[in-house]
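Close look at the chain arrangement
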Amino acid sequence: MDSKAFFRLTCGLYIITSAHDGRSVGCVINTATQVTSSPKQIMIAVNKENFTASAILKTKAFGIMVLTEDVPMELIGTFGFHSSRDTDKFEGLDTATDSLGLPYLTRHCSARFSCRVQNAVDVGTHYLFIGLVEDSQCLEEKPAITYDYYHKVKKGLTPPKASSYMEPAADTPKETASWKCSICGYIYEGEELPADFVCPICGRGAEFFQRI
Ligand code: FE
């Protein structure tokens, strides 16, 4: 099997939302696809370990936000590398509320959908949630970000040789010392990592970095 073939599947970058005990939860996913047009249904794949997955199972509702290319990496960091279990990811963000009572971002969002779960399929590590679209809306007139763009164009804040696409070759010589965030993979180039360094992607401190 050629594992690189999987990287040629196109996908985007989305934030999904739901609710738990009256508060908003959400996370980043890269799998969201319209599966039927009549009725309009969208399928998303969510890792079972994501707090948002358990919230969707309970509420049987979820929102999808299609992120724009100019989405700040800090926003990806908040929703992609922290857990709603112990973090209010929406704090300080510009949001509005949809017809299902779920929040959506009014910036960095190309479109949004409000869905009621019709079916949840256990596929091992993930649940596939098939949702009936109750409402949808176009927001900012900006290009939607693809997962490819996220890696290739925004690579200034992602590891140059440790992206999702390819691990660096074992025999690649390192010319300078660097430090890798064990949470999100961000690379800090430099001999010494400042003790008060904070990862610009996931917000973790220096203790989460390992010298490579
Ligand atoms: Fe990080």
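Scroll up a little and you will see the structure.
Residues numbered from 1 in each chain as written. Predicted model: local features only at pLDDT ≥ 70, side-chain atom pairs only at ≥ 80, totals over all residues. Heavy atoms only, no water.

1. Some words on a nonpolar patch on the surface
There is a patch of nonpolar side chains on the surface, built from Met1, Phe6, Phe7 and Leu9 and spanning about 520 Å² of accessible area. Within the element layout of this structure, Met1 appears in the segment before strand E1 (14-20). Owing to a relative accessible area of 93%, Met1 belongs among the exposed residues under this scheme. (Patch = residues over 30% accessible without salt bridge, like charges linked within 9 Å, V, L, I, M, F, W, Y side chains within 5 Å. Areas by Shrake-Rupley, 256 points an atom, 1.4 Å probe, with all protein chains shown as cover. Salt bridge = Lys/Arg side-chain N within 4 Å of Asp/Glu carboxyl O. Helix = DSSP H or I, 4+ residues; strand = E, 2+ residues; numbered from the N terminus. Buried < 20%, exposed > 50% of the residue type's maximum accessible area, 1.4 Å probe, protein only.)

2. Some details on helix H1 (residues 51-59)
The set of residues buried in H1 consists of Phe51, Thr52, Ala53, Ala55 and Ile56. Of the surrounding elements, those touching the buried residues of H1 are E1, strand E2 (23-29), strand E4 (40-47), strand E5 (61-67), strand E8 (109-122) and strand E9 (126-138). Positive backbone phi, at 55°, marks Lys60, one or two positions downstream of H1. (Contact = heavy atoms within 4.5 Å.)

3. Quick look at the sheet that holds strand E12 (residues 209-211)
Taken together, three strands build an open sheet; the order of strands is E11-E10-E12 and the sheet is antiparallel. In this open sheet, the two edge strands, each paired with only one partner strand, are strand E11 (187-189) and E12. Here the strands of the sheet are splayed against their neighbours by 25° on average, with no regard to which way each runs. Pairing of strand E10 (residues 178-181) with E11, which is carried by three bridges, proceeds in the antiparallel orientation. The partner of Trp179 across the bridge, within E11, is Tyr188. (Pairing = 2+ DSSP bridges. Axes fitted to C-alpha atoms, helices over the stretch in contact; angles between N-to-C directions.)

4. Remarks on the environment of Tyr127
You can see Tyr127 is positioned in strand E9. Judged by its relative accessible area of 18%, Tyr127 falls in the buried class. Once residues within four sequence positions are removed from consideration, Tyr127 is found in contact with Ile44, Ala45, Val46, Lys48, Ala53, Leu57, Val121 and Asp122.

5. Here's the deal with helix H2 (residues 73-81)
Within H2 the residues assigned to the buried category are Met73, Leu75, Ile76, Gly77 and Phe79. Of the surrounding elements, those touching the buried residues of H2 are E1, E2, E5, strand E7 (103-105) and helix H3 (147-152).

6. Notes on the packing of aromatic side chains
Counted according to the given criterion, the structure contains six aromatic pairs. Taking the centre distance of 5.7 Å and the plane angle of 40° together, the rings of Tyr127 and Phe129 count as tilted. Residue classification places Phe129 among the buried residues on the basis of a relative accessible area of 0%. Between Tyr147 and Tyr150 the ring centres are 5.8 Å apart and the planes differ by 15°, which places this aromatic pair in the stacked class. Of this pair, Tyr147 and Tyr150 both sit in helix H3, three residues apart, roughly one helical turn. The ring of Tyr127 carries the charged tip of Lys48 above its face, separated from the ring centre by 5.2 Å. Above the ring of Tyr104, the side-chain terminus of Arg112 is found at 4.2 Å from the ring centroid. (Phe/Tyr/Trp six-rings, centres within 6.5 Å; stacked < 30°, edge-to-face > 60°. Lys NZ or Arg CZ within 6 Å of the ring centre and 35° of its normal.)

7. Observations regarding empty space enclosed by the protein
If you walk through the whole model with that rule in mind, you get one cavity of 30 Å³ or more. Put simply, the largest cavity is a space of about 40 Å³. If you go around the largest cavity, the residues you meet are Thr17, Gly63, Ile64, Met65, Asp98, Leu102, Pro103, Tyr104, Arg112, Phe113 and Ser114. Here the residues of the lining of the largest cavity are counted per class, giving six nonpolar, three polar and two charged. (1 Å grid on protein atoms, 1.4 Å probe; cavity = no way out; pocket = protein on both sides within 12 Å on 5 of 7 lines; lining within 4 Å. Points joined across faces, edges and corners; volume = space filled by probe spheres on them. Nonpolar A, V, L, I, M, F, W, Y, C, P; charged D, E, K, R; others polar.)

8. A look at the pattern of salt bridges
Applying the stated criterion across every chain, the model contains six salt bridges. Of the charged contacts in the structure, one is a salt bridge between Asp70 and Lys142, with a shortest N-O distance of 2.7 Å. Remark: Lys142 occurs in the loop between E9 and H3 and Asp70 occurs in the loop between E5 and H2; sequence separation between them is 72 residues.

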